[in-house]
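Overview (structure and organization)
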Amino acid sequence: MRKEDFPILQKVIYGKYPLVYLDNAATTQKPRQVVEAMTEEYYNVNANVHRGVHFLSQQATELHEASRETVRQFLNARSTSEIIFTRGTTESINLVASCFGQAFMKEGDEVILSEMEHHSNIVSWQLLQARLNIRLRIIPITDDGHLCMEEYEKLFNERTRIVSVTHVSNVLGTINPVRDIIRIAHEHEVPVLIDGAQSTPHLNIDVQELDCDFFAFSGHKIYGPTGIGVLYGKEKWLERIPPYMGGGEMIKNVSFERTTFNDLPYKFEAGTPDYIASTGLAKALEYVTSIGFDTIQVHEKDLTNYAFERLMEIEGMHIYGPKAEEHEAVISFQVGNIHHLDMGTLLDRLGIAVRTGHHCAEPLMRRLGIEGTCRASFALYNTRQDIDALVEGIQRVSKMF
Ligand code: PLP
C-alpha cells in the first residue's frame, strides 16, 4: 500500500533491495507529501509566527493555526484551545506530571501507572516523586500481557490523584481497555492521561468519546516529522494547571513585579514553536486520514495475523504478549537462545531493520524475566513480502547458530 510515497523505502542497504523496514514503532518513514510541504514552507513562507505584522509572518501564523485545527479534527477535540504543540509524547507526559503534580498533588498522594509503561511514562512521575514524595502504584500484567483489571480497581484510594497509562504497548502490542480504565478512574473522580504514542498510527482516536482528560502523541510515529507532538487536555484541567516553561508566547504582560499568562493553548507554548513541523504533522494526519483508519486497520491486521502464522513456523520461536487477534502491529519475539542483539544485527545485514533491546521498558522486561527482545513493527506501507523476508531472514540467522 502506497510504498511509492516513501522514497526511503527504495534504498539499497548492504546491496539488498528493497529495504525491509520493520522498525515503525520506533519511528515511521515520511511520505513525500510531508517532506514537500515542509520544504515549500521553508522556501516560500518562512517567518516567525504570532508576533509579526508583515505578510510572511501572518501567512506562517495562519498555516500553524490551521495545523492545530487539523490536529483538533484528528482527535475530535472540542476546541483548538485543548491542543498544545510539544516536542513529542515524552514532553507531553512530562508537562502533565510536572504541572498537574504542582497544582494537585502533595506528599503521600498517588499516581497509578502500569507495568507495561514506556520509560517516559515512568521517569516523568519519578521526577515528581523526587520533588513531592508521591507514591507510584503499578497495575500488574498477566502472563499473556494484559493489564490485571481487578488489581487496577483495587489500587484506588483517597490519595489517588491521576492515572497515566499507555493505550498500546510498544513491546507487547497489547491494546489496553482504555475506555474501562477511564470509566473506572472517573467513578473515583480521578483524571486519566493516555499515552497514545503507539495507538495514534493505527487506531481512530476520539478524545471526546474516550473521555480521557489528557492524551499524548508524537508526530514522528505517525508519518510526520520529528520534534513535534501533541498534548490534548480538557480545558477544565489546562485552565487550572500552571505553565510548564516560561518565555515568549506564553505571557500576556510581563513586569518584574507580576506576569500574567496567555490564554490556552499558548500558556503552554513558551518560545518559538516548530511551525514548520506543525505543517508537516498536519500533512501527515491528512495523509493518514485520506487513506482512512478502516483501510489501515484491515491492512495491518492482515500483516499481523500473517506474521504470527509465518513466525510460528520457525523452530524455537516465542512471541511475547497477547494472541494474534488481540495484538496491535508490534511483535516482540525471541528465537531459541539466540541473543536479540545478534539476531537484530544479522537481520540488518540482510537488509531487514528491526529493533532490539529493552525498548525503553525495563520494568516490563524484568516482569517478563528477560533482558530484551527483537521487535518487528508494521506500518501502512509494509507488505506480506516484507514478512516473508523477515521469516526467511530469521531462518537464515537461526541456521548460523
Ligand atoms: N510512549 C510509548 C508507548 C512509546 O512507544 C514511545 C516511544 O517509543 C514514547 C512514549 C516516547 O515517544 P517520543 O520519544 O516520541 O517522545
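In the block above lies the structure referred to throughout.
Presented here is an overview of the structure given in this document. Source: prediction; values computed, not measured.

**Here we look at the sheet that holds strand β6 (residues 192–195)**
Pairing within the open sheet is mixed, and its seven strands lie in the order β2-β8-β7-β6-β5-β3-β4. At either margin of the open sheet sits one strand with a lone partner, and together these are β2 (83–86) and β4 (135–139). For this sheet, the mean inter-axis angle between neighbouring strands, taken without regard to orientation, is 20 degrees. Pairing geometry for strand β3 (residues 110–114) and strand β5 (residues 160–166), over three bridges, is parallel. From the neighbouring strand, I112 faces β5, where its bridge partner is V163. Here helix α4 (residues 120–132) sits on the sheet in contact with β3, β4, β5 and β6, set at roughly 155 degrees to β5.

**A few points about the site of the ligand**
All residues in the neighbourhood of the ligand are listed as T89, T90, H118, S120, T166, N170, D195, A197, Q198, S218, H220 and K221. Contact distances for the ligand include 2.5 Å between a nitrogen atom and a side-chain N or O atom of D195. A distance of 2.7 Å separates an oxygen atom of the ligand from a polar side-chain atom of S218. Here the ligand loses 85% of its free accessible area of 390 Å² to cover by the protein chains. When grouped by side-chain class, the residues that make up the shell around the ligand number one nonpolar, nine polar and two charged.

What counts, and where the lines are drawn
- Residues numbered from 1 in each chain as written.
- Predicted model: local features only at pLDDT ≥ 70, side-chain atom pairs only at ≥ 80, totals over all residues.
- Heavy atoms only, no water.
- Pairing = 2+ DSSP bridges.
- Helix = DSSP H or I, 4+ residues; strand = E, 2+ residues; numbered from the N terminus.
- Axes fitted to C-alpha atoms, helices over the stretch in contact; angles between N-to-C directions.
- Contact = heavy atoms within 4.5 Å.
- Near = heavy atom within 4 Å.
- Polar contact = N/O pair within 3.5 Å; in protein donor to acceptor, adjacent residues only side chain to side chain.
- Areas by Shrake-Rupley, 256 points an atom, 1.4 Å probe, with all protein chains shown as cover.
- Nonpolar A, V, L, I, M, F, W, Y, C, P; charged D, E, K, R; others polar.

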